[in-house]
Protein chains: 2
Amino acid sequence: MAKNGAEKRSRRVTIREVAEDAEVSVAAVSKVLRDAYGVSDALRSKVRASMDKLGYRPLAAARGMRGQTYTIGIVQPDLRNPFFADIMTGVDNALERTQYRTLIGISQSSTDGEVAAVDAMIDRQMDGILLIGAITNRGNLDAFARGKPLVTIGHHEPAATLFDTVNTNDQQGAMLAVRHLAANGYKRIAMLSLNSDTSTIIAEREIGYRRAMMEAELGRHIQVVHSAQTPREAQITARRMLEPASRPEAIFCWTDFIALEVISVATELGLRIPQDVGIVGYDNTMYCDFAQNGLSSIDQSGELLGLQATRLLIERIKGRDEAEHFVVTPRLVARRSSSRR
Amino acid sequence: MAKNGAEKRSRRVTIREVAEDAEVSVAAVSKVLRDAYGVSDALRSKVRASMDKLGYRPLAAARGMRGQTYTIGIVQPDLRNPFFADIMTGVDNALERTQYRTLIGISQSSTDGEVAAVDAMIDRQMDGILLIGAITNRGNLDAFARGKPLVTIGHHEPAATLFDTVNTNDQQGAMLAVRHLAANGYKRIAMLSLNSDTSTIIAEREIGYRRAMMEAELGRHIQVVHSAQTPREAQITARRMLEPASRPEAIFCWTDFIALEVISVATELGLRIPQDVGIVGYDNTMYCDFAQNGLSSIDQSGELLGLQATRLLIERIKGRDEAEHFVVTPRLVARRSSSRR
DNA sequence: CTGAAAGCGCTTACAG
DNA sequence: CTGAAAGCGCTTACAG
């Protein structure tokens, strides 16, 4: 069994060996490790020297049994969405010059998957959890938050008290998209949304879409189509939407990723963008800027969201227990895909 | 300090409470948990009932102190490269119906970052480590492998004995790309490679490129240009390569991601693809298939790589200690970007 | 300022 | 088949 391999594996240097080498107590070494108060400079440097000499590294799991593991767990639904990389840039910036490391878990875009992923993080003694694109209900989120400090990104729960939320104003983001398309002369503007009755950001974007359509007196053209987020499903849905009989003049997509699929299908069908169909995405990921895409999109500052969420999480870990709810104002970035004028 | 928040946090149900509830010993509960031998059905079901009743969840960190954590650490250099998602699909498939979970760490594309990321995994008691796109030297890899079972994806080290490697034949992949371009009438074929003197897969691809160019009697046109993998750097390099004076007829890019940048810059400059410039990428990620890209690419079966690497890692965890080196044959997928004939 | 001792939640021989 | 006890590598009161 595991014995063979394990036996041969090099034993770790422990805090006890460092203590022996430095001729101090184990407790003293622990204090140096944690930068705790009440350690003389002489003792500290003696211990540091022994640590270096022996190549000591603290075992996070053991530290976690009593104190912290200095690890933040990030739970994310879909590795294929490049927006996640933007968020992570902000997270990394916030964590620079701290002892914390991040570990990423994938929630597989289902409620069960999300619960399992967060539970796994709690079981593995993360000091705090950053949950991205949550789709589970308030009850579960509260339960998570009772287990560990919790901050969500991309989930609206303004009345939550046990955890913090970080969002852009998604309703406003959708309104920016619709107003922009309307200003460019598009009237039959459809929305290609995510097939989810649990995502609050999707709900908000749909509300914004409807509101802006009404405001622009295009209420009779309101059409919301839902699709799963797999490339395959998105493609099928796009193909259906672009059939000549019912083709909208413009499509507002809930994320860039899906908008790129629509551009692809439209291109295949010989449709010209933006003349035959206008397209606006969401997230303003790096793909929008490629000349072959030229995709207009709603920028929600992923980097800022990641940065702010991480700051809030650290505060929570340090003991804050009043909730904070942070909301960023989105911004439209117009490119070729929607500029008919 | 952390006290306030921590004090309020709900205490976990421990193995001891389960034992009390089921009126058995702690050791008995542990055995049920691990599906160990020597437990009667009666005892097992009694314990299971108590676990469910109390909502018991084992604490991985505590298990790890003596046994396994049932966690596999995956270290990866760049979240923006979509090829990683393909690998993860294979990993997840291999782990289905096992107790293992994955946790992903980012190595920031530097040697120091890679060492730090792997060390962090070891400190956090992962049962095994999957290292993707390694750039560190043999000595460090051996040191990692002495700490934990280790398998690499995308790193050639055929003589390694302490860890397994999983790769496509990168030399062959590059040769496929060049032969395909040559067959399509391109002669001045340049390679846009990664700025790295430590990546063995890059080295192999460059060797393959040179070999195929010689074979096609295009040796005088050999040109290898290096760029960092940030979108910005890639863009600057592409712009330089596409200047009229020195423009190659075709560019073979070390990864799709970079090829998309080249398509973007070429499109901006008004160059037609594939007439004015032919392009082939590597990895055959989902973006290749978008009609606006139509990017020919070398498929290296990311899903298979992930699946096989995970299987090997589990074997290592279970005790295997002879090295295995798995190599997949790459395959060219031709699309519009290179089809001049 | 320093250290001995208890304990975190598990697993592992070992004895019965 | 079952259980009492030691121990994994740390941190945390507490005493000096």
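The structure displayed is predicted, hence computed values, not measured ones.

## Digging into the overall build of chain A
Inference 1: Counting its secondary structure elements, chain A contains 13 helices and 12 strands.
Inference 2: When the backbone C-alpha atoms are referred to their principal axes, chain A occupies close to 85 × 45 × 35 Å.
Inference 3: Within chain A, the fraction of its 341 residues that count as buried is 57%.
Inference 4: Considering only residue pairs separated by 6 or more positions, chain A has 67% of its internal contacts joining residues 24 or more positions apart.
Inference 5: Accessible surface, chain A as shown: approximately 14500 Å² in total, 49% of it carbon and sulfur.

## Quick word on helix 4 (residues 41-54) of chain A
Residue and element names in this part refer to chain A.
Inference 1: Taking 1.5 Å per residue as the helical rise, helix 4 with its 14 residues ought to reach 20 Å, and the 20 Å between its terminal C-alpha atoms agrees with that figure.
Inference 2: Along helix 4, the residues classified as buried are Val-47, Ser-50 and Met-51. End-on, the buried residues of helix 4 take up no more than an arc of 105 degrees, which puts them together on one face. Away from its buried face, by an angle of more than 90 degrees, helix 4 presents the exposed residues Asp-41, Ala-42, Asp-52 and Lys-53.
Inference 3: In this structure, the buried side of helix 4 is in contact with helix 2 (15-22) and helix 3 (26-34).
Inference 4: One or two residues past the end of helix 4 sits Gly-55, with phi positive at roughly 65 degrees.

## Overview of the protein's contact with DNA strand C
Inference 1: Taken together, 28 residues are adjacent to DNA strand C, and A:Ser40, B:Ile15, B:Ser30, B:Arg34 and B:Arg63 come closest.
Inference 2: Among all atoms of DNA strand C positioned within 4 Å of the protein, those belonging to sugar or phosphate total 69%.
Inference 3: Within the backbone of A:Ser25, a nitrogen or oxygen atom sits 3.2 Å from a phosphate oxygen of DNA strand C.
Inference 4: At the level of elements, helix 3 and helix 5 (60-66) of chain A together with helix 3 (26-34) and helix 5 (60-66) of chain B are the ones that each hand at least two residues to the surface near DNA strand C.
Inference 5: Residue composition of the surface near DNA strand C, by class: 15 nonpolar, six polar and seven charged.

## Comments concerning the domain arrangement of chain A
Inference 1: Taken as a whole, chain A is organised into domain 1 (11-58), domain 2 (71-169 + 302-329) and domain 3 (170-301 + 332-338).
Inference 2: Centre-to-centre separation of domain 1 of chain A and domain 3 of chain A, based on C-alpha positions: 58 Å.

## Quick word on the sheet that holds strand 12 (residues 331-333) of chain B
Residue and element names in this part refer to chain B.
Inference 1: In space, the six strands of this open sheet follow the order 7-6-8-9-10-12, with mixed pairing throughout. Sheet topology places strand 7 (224-227) and strand 12 at the edges, where each strand pairs with a single neighbour. Direction aside, neighbouring strands of the sheet carry axes that sit 20 degrees apart on average.
Inference 2: As judged from the four bridges shared by strand 6 (residues 189-194) and strand 8 (residues 250-253), these two strands associate in the parallel manner. Each residue of the ladder has a partner; that of Leu-192, found in strand 8, is Cys-253.
Inference 3: Across the sheet, helix 9 (residues 170-183) is in contact with strand 6, strand 8, strand 9 (278-282), strand 10 (296-299) and strand 12; its angle to strand 9 comes to roughly 165 degrees.
Inference 4: Packing against the sheet, helix 10 (residues 200-215) makes contact with strand 6, strand 7, strand 8 and strand 9, and its axis sits at approximately 170 degrees to strand 6.

## Quick word on the sheet that holds strand 6 (residues 189-194) of chain A
Residues and elements named next belong to chain A.
Inference 1: Read across the sheet, six strands follow the order 7-6-8-9-10-12 without closing on themselves; strand pairing throughout is mixed. With partners counted over all chains shown, the strands left at the sheet margins are strand 7 (224-227) and strand 12 (331-333), one partner each. For this sheet the average axis-to-axis angle between neighbouring strands, irrespective of direction, equals 20 degrees.
Inference 2: Bridge count between strand 10 (residues 296-299) and strand 12: three bridges; the pairing is antiparallel. Counterpart to Ser-297 in the pairing with strand 12 is Val-333.
Inference 3: Together, strand 6, strand 7, strand 8 (250-253) and strand 9 (278-282) form the strand contacts of helix 10 (residues 200-215), whose direction differs from that of strand 6 by roughly 170 degrees.
Inference 4: Against the sheet, helix 12 (residues 256-268) contacts strand 6, strand 8, strand 9 and strand 10, and its axis sits at roughly 155 degrees relative to strand 9.

## Some points on the packing of helix 11 (residues 231-241) of chain A against helix 12 of chain A
Residue and element names in this part refer to chain A.
Inference 1: Relative to each other, helix 11 and helix 12 sit at 50 degrees, their axes nearing to 9 Å. When the axes of helix 11 and helix 12 are compared, the pair comes out oblique. Seen from above, helix 11 lies across helix 12 with right-handed handedness. Facing Pro-231, Ala-234, Gln-235, Ala-238 and Arg-239 of helix 11, the residues of helix 12 in contact are Phe-257, Ile-258, Glu-261, Val-262, Val-265 and Glu-268.
Inference 2: Considering only residue class, the contact of helix 11 with helix 12 consists of seven nonpolar, one polar and three charged.

## With respect to the interface of chain B and chain A
Inference 1: With 68 residues of chain B at the interface, the matching set in chain A holds 68 residues.
Inference 2: Both faces combined, the contact of chain B with chain A buries some 5300 Å², and carbon together with sulfur accounts for 54% of it.
Inference 3: Taken together, the links from chain B to chain A amount to eight salt bridges.
Inference 4: Ionic pairing is found between A:Asp119 and B:Arg57, a salt bridge with its closest N-O pair at 3.5 Å.
Inference 5: At the junction of chain B with chain A, the criterion picks out 27 residue pairs in polar contact (both at pLDDT 80 or more).
Inference 6: Broken down by class, the residue content of the side of chain B that touches chain A amounts to 34 nonpolar, 16 polar and 18 charged.

Calculation notes
Residue positions are counted from 1 within each chain, in the order its sequence is given. The lettering of chains begins at A and the numbering of ligands begins at 1, in the order of writing. With the structure being a predicted model, the display of local features is reserved for residues of pLDDT at least 70 and the display and counting of side-chain atom pairs for 80 or more, all residues being used for whole-chain, interface and lining totals. Hydrogens and water molecules were not included; the side-chain quantities draw on all heavy atoms of the structure. Secondary structure elements are taken from DSSP: a helix is a run of H or I of four residues or more, a strand is a run of E of two residues or more, and numbering for both begins at the N terminus. Partly exposed residues are those whose accessible area sits between 20% and 50% of the maximum for their type, while under 20% is buried and over 50% is exposed, using a 1.4 Å probe and protein chains only. Contact criterion: two residues are considered in contact whenever any of their non-hydrogen atoms come within 4.5 Å of each other. The accessible surface values rely on the Shrake-Rupley method and a 1.4 Å probe; as for residues, cover is taken only from the protein chains in view. Every helix has an expected span of 1.5 Å times one less than the residues it contains. Think of the arc as the fan of directions from the helix axis to the C-beta atoms. When at least one non-hydrogen atom of a residue lies within 4 Å of a molecule or strand, that residue is treated as near it. Each polar contact in these results corresponds to two N or O atoms within 3.5 Å; when the atoms are within protein, one needs to be able to donate a hydrogen and the other to accept it, and residues that are neighboring in sequence are counted only if both atoms are side-chain atoms. Under the convention adopted here, Pro, Cys and the residues Ala, Val, Leu, Ile, Met, Phe, Trp and Tyr are nonpolar, Asp, Glu, Lys and Arg are charged, and Gly plus all remaining residues are polar. Boundary definitions for the domains trace back to an automatic or database domain assignment. One bridge is not enough; two strands pair if DSSP finds at least two bridges between them. Helix axes are fitted only over the stretch in contact, all axes being lines through C-alpha atoms; the angle between N-to-C directions runs from 0 to 180 degrees. An angle counts as roughly parallel when it lies under 35 degrees, as roughly antiparallel when it exceeds 145, as roughly perpendicular when it falls between 65 and 115, and as oblique in every other case. When the near helix sits turned anticlockwise from the far one by under a right angle, the crossing is termed left-handed; a clockwise turn instead gives a right-handed crossing. The term buried area refers to how much accessible surface (probe radius 1.4 Å) is lost by two components on association, counted for both of them together. Think of a salt bridge as a Lys or Arg side-chain nitrogen and an Asp or Glu carboxyl oxygen that are within 4 Å of each other.

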